[in-house]
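Read off the chains here:
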Amino acid sequence: MNISIFVMEGKNLKTDGKLSEEGIEKENATCKPRKPLENSIECREKTIVENINADQEAIAKIQYLSSEHDMLDKYMDKREQNSSIRKYLVVGIHWVSLLTENVLSHPFVVLRWQCQVYNASKHYHLHPFGLLPSIVHLHRRQGLGTLWKGVGSCLLVRGMSCAIDDCISKLTSWPKELESRTTLKRFGQHVLLKCLSIGLVVPFHAASLVKSVQSDIASEKTGILDVMREGGLRLFLWSSPKNSRMLPVWALIGPSVSIGITKYLFNLLIHGVSTRMMRRRITVLQENRVEKFGDNTLDYQNADIYAGLIAVLTTEVIFFPFETILHRLQLQGTRTIIDNLDNGYAVVPILTNYRGVFDCYRATITSEGAGGLYKGFGAMVLQFVAHVAIIKLAKWVVNQIAEGISHRPTSRKIQYIDCNSCNKSSTTLSPSISSTELDVISVGKYSLD
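Definitions and cut-offs
- Residues numbered from 1 in each chain as written.
- Predicted model: local features only at pLDDT ≥ 70, side-chain atom pairs only at ≥ 80, totals over all residues.
- Heavy atoms only, no water.
- Helix = DSSP H or I, 4+ residues; strand = E, 2+ residues; numbered from the N terminus.
- Contact = heavy atoms within 4.5 Å.
- Areas by Shrake-Rupley, 256 points an atom, 1.4 Å probe, with all protein chains shown as cover.
- Patch = residues over 30% accessible without salt bridge, like charges linked within 9 Å, V, L, I, M, F, W, Y side chains within 5 Å.
- Salt bridge = Lys/Arg side-chain N within 4 Å of Asp/Glu carboxyl O.
- Buried < 20%, exposed > 50% of the residue type's maximum accessible area, 1.4 Å probe, protein only.
- Arc of directions from axis to C-beta.
- Phe/Tyr/Trp six-rings, centres within 6.5 Å; stacked < 30°, edge-to-face > 60°.
- pLDDT = per-residue confidence, 0-100.
- Polar contact = N/O pair within 3.5 Å; in protein donor to acceptor, adjacent residues only side chain to side chain.
- Core = buried A, V, L, I, M, F, W, Y, C linked by side-chain atoms within 4.5 Å.
- Axes fitted to C-alpha atoms, helices over the stretch in contact; angles between N-to-C directions.
- Parallel < 35°, antiparallel > 145°, perpendicular 65-115°, else oblique.
- Nonpolar A, V, L, I, M, F, W, Y, C, P; charged D, E, K, R; others polar.

1. A few points about the overall build of the protein
Looking only at helices and strands, the protein features 13 helices and two strands. Of all intrachain contacts in the protein linking residues separated by at least 6 positions in sequence, the fraction that spans at least 24 positions is 78%. Total accessible area on the protein stands at roughly 27,500 Å², and carbon and sulfur atoms take up 62% of it.

2. A few points about a nonpolar patch on the surface
Where nonpolar side chains cluster on the molecular surface, the patch consists of L99, L104, L144 and W148 and spans about 350 Å² of accessible area. Along the chain, the position of W148 falls in the loop between α4 (132-142) and α5 (151-172). Taking relative accessible area as the criterion, W148 reaches 32% and is therefore assigned partly exposed.

3. Some remarks on the environment of Y361
Examined against the element boundaries, Y361 turns out to sit in helix α11 (residues 357-368). Accessibility expressed as a relative area gives 41% for Y361, which makes it partly exposed. Those residues in contact with Y361, other than ones at most four positions away along the chain, are I325 and L373.

4. Considerations on α4
Along an α-helix, residues three or four positions apart point the same way, because every turn accommodates 3.6 residues. Residues S134, I135, H137, L138 and Q142 constitute the buried set of α4. In an axial view of α4, the angular spread of the buried residues amounts to 165°, which keeps them on one side of the axis. A positive backbone phi angle near 90° is found at G143, which sits one or two residues after α4.

5. Focus: the packing of aromatic side chains
This structure, assessed with the given rule, holds five aromatic pairs. Seen in terms of ring centroids, Y374 and F377 are 6.2 Å apart; in terms of plane orientation they differ by 70°. Their pairing is edge-to-face. Feature note: the residues F266, F319 and F322 constitute an aromatic cluster, connected by ring pairs.

6. Some details on the confidence of the model for the protein
Summary statistics for the protein give a mean pLDDT of 77 and a share of 72% for residues scoring 70 or more. No element of the protein has a lower mean pLDDT than helix α13 (residues 440-446), at 39, and none a higher one than helix α10 (residues 320-331), at 94. Overall, residues 23-34 carries pLDDT values under 50, and its contacts beyond four positions in sequence, including any with other chains, amount to one contact. Overall, residues 408-449 carries pLDDT values under 50, and its contacts beyond four positions in sequence, including any with other chains, amount to 59 contacts.

7. Describing the pattern of salt bridges
Here the idea is simple: oppositely charged side chains can pair when their charged atoms come close. What the rule picks out here adds up to 14 salt bridges. A salt bridge links R112 to E323, with the shortest nitrogen-to-oxygen separation between them at 3.8 Å. On the criterion of sequence distance, the pair formed by R112 in helix α3 (residues 106-117) and E323 in helix α10 is long-range, its members being 211 residues apart. For the pair formed by R112 and E323, the shared burial category is buried. For D165, the salt bridge identified is with K194, shortest N-O distance 3.0 Å. Pair noted here: D165 is in helix α5 and K194 is in helix α6 (residues 184-213), with a separation of 29 residues, a long-range link. On the basis of relative accessible area, D165 is assigned to the buried category, the value being 6%. We classify K194 as buried; its relative accessible area is 15%.

8. Some remarks on the environment of Q116
By secondary structure assignment, the location of Q116 is in helix α3. In sequence terms Q116 and F320 are 204 residues apart; their C-alpha atoms lie 9.5 Å from each other. If we ignore the near neighbours within four places in the chain, the residues touching Q116 are F320, E323, T324, H327, R328 and K375. Within the structure, the side chain of Q116 is placed 3.3 Å from the side chain of T324, a separation counted as a polar contact.

9. Examining the nonpolar core
Counting residues in each nonpolar core, the largest one holds twelve residues, listed as V109, W113, V117, Y118, C154, L209, V210, V213, L331, I338, V348 and I350. Only α3 and α6 provide two or more residues apiece to this core.

10. A look at the packing of α10 against α11
Running from N to C, α10 and α11 cross one another at 110°; their axes reach a closest spacing of 10 Å. Classified by the angle their axes make, α10 and α11 are roughly perpendicular. In this structure, α10 uses I325, R328 and L329 to contact α11, whose residues at the interface are V357, C360, Y361, T364 and E368. For the contact of α10 with α11, the class distribution of residues is five nonpolar, one polar and two charged.

11. Considering the side chain of E368
Among the secondary structure elements, E368 is positioned in helix α11. Given a relative accessible area of 9%, E368 falls into the buried group. Side-chain polar atoms of E368 contact the side chain of K375, separated by 2.7 Å. Those residues in contact with E368 that lie beyond four places of it in its chain are N119, Y124, R328, A363 and K375.

Here it is as structure tokens:
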């Protein structure tokens, strides 16, 4: 009984074991098809997310490249526009300098000439402070226009000088201007051209001097073209007029040409040396800069302007006594009445009797001393102070305009999708990059054929 029972229980265990194994196999059979399905769904979702991220990354890269091209095109267009505007600014500075030298400085030239030709003045006006009260008195009595008298005649004489230079250059093929590689022969021809031009302009310059220094309240109003008539009469009248102390034109041409050509060559020398020094300084500063390819056009133009100003100032200071003597000789015998700059109220006639350059020099030193040769030096100081102030103002305005038009576009920041986060179902953003940090590999990878 016991044995049979034990055998029956063993069979039952076997059958139960078989049944349990069969159940497990059934469960495995039912579960195995379900797990690969879930895995495939998850893989497909990940693949879809990766494709979406890749597409968005490619679109972002394409937009990035297109924006970079647009920024580059805008930068190049703006750079061309800046260069063209800078050219206009350079031309503007040049015209401001010419306007200041020929027109705005004329009132100070009038004051200087009036002081130079007044041999009986008590005040020499060697500094500008003593001249200011006389200017105020002239303005109150005659108006501000009294300082602009003769400006048309002076401009006409300067234009005549340029026209004579051009005519002589065309007729004789002599160079009107000097170059850096001018030969000695061409240099001599240029000097001869300038001598002829100065000699022909001397009578007309004397006539314009009369128009500039004569008093408005004691003289008749004259036209601009009167300087041509009076200069022509003095040019063709080689002998001195009867019953007059006016010197003949041949007595004025020699000293005027000698002093004029020496002054011109000295001006060229100082201008050349100053320009070379300033350009060398700009070149050294450019080499020390981080940006090696800057636009130095305005710097060179400013250097030329300041070099010209230095040359003119140095030349005028050195040749001031000679100019005083020439102006007194040119004005002698013209019966000119000028304003008395000792007080700014009265008018005085110019009465001199010089026989030549050396006689004028001896008489001036004897009666007025060495300071008599520098009468009106304060007016020249005022002239160059005003000239420098106008140039400084023009330079500041040009620098402000140049800074405004040379403003470069700021770097744009673009965010793109990070493809390393493909395991996540949501897209992430990587750190932003600047427009100048373009990855060459990514450009080649996402560029379109």
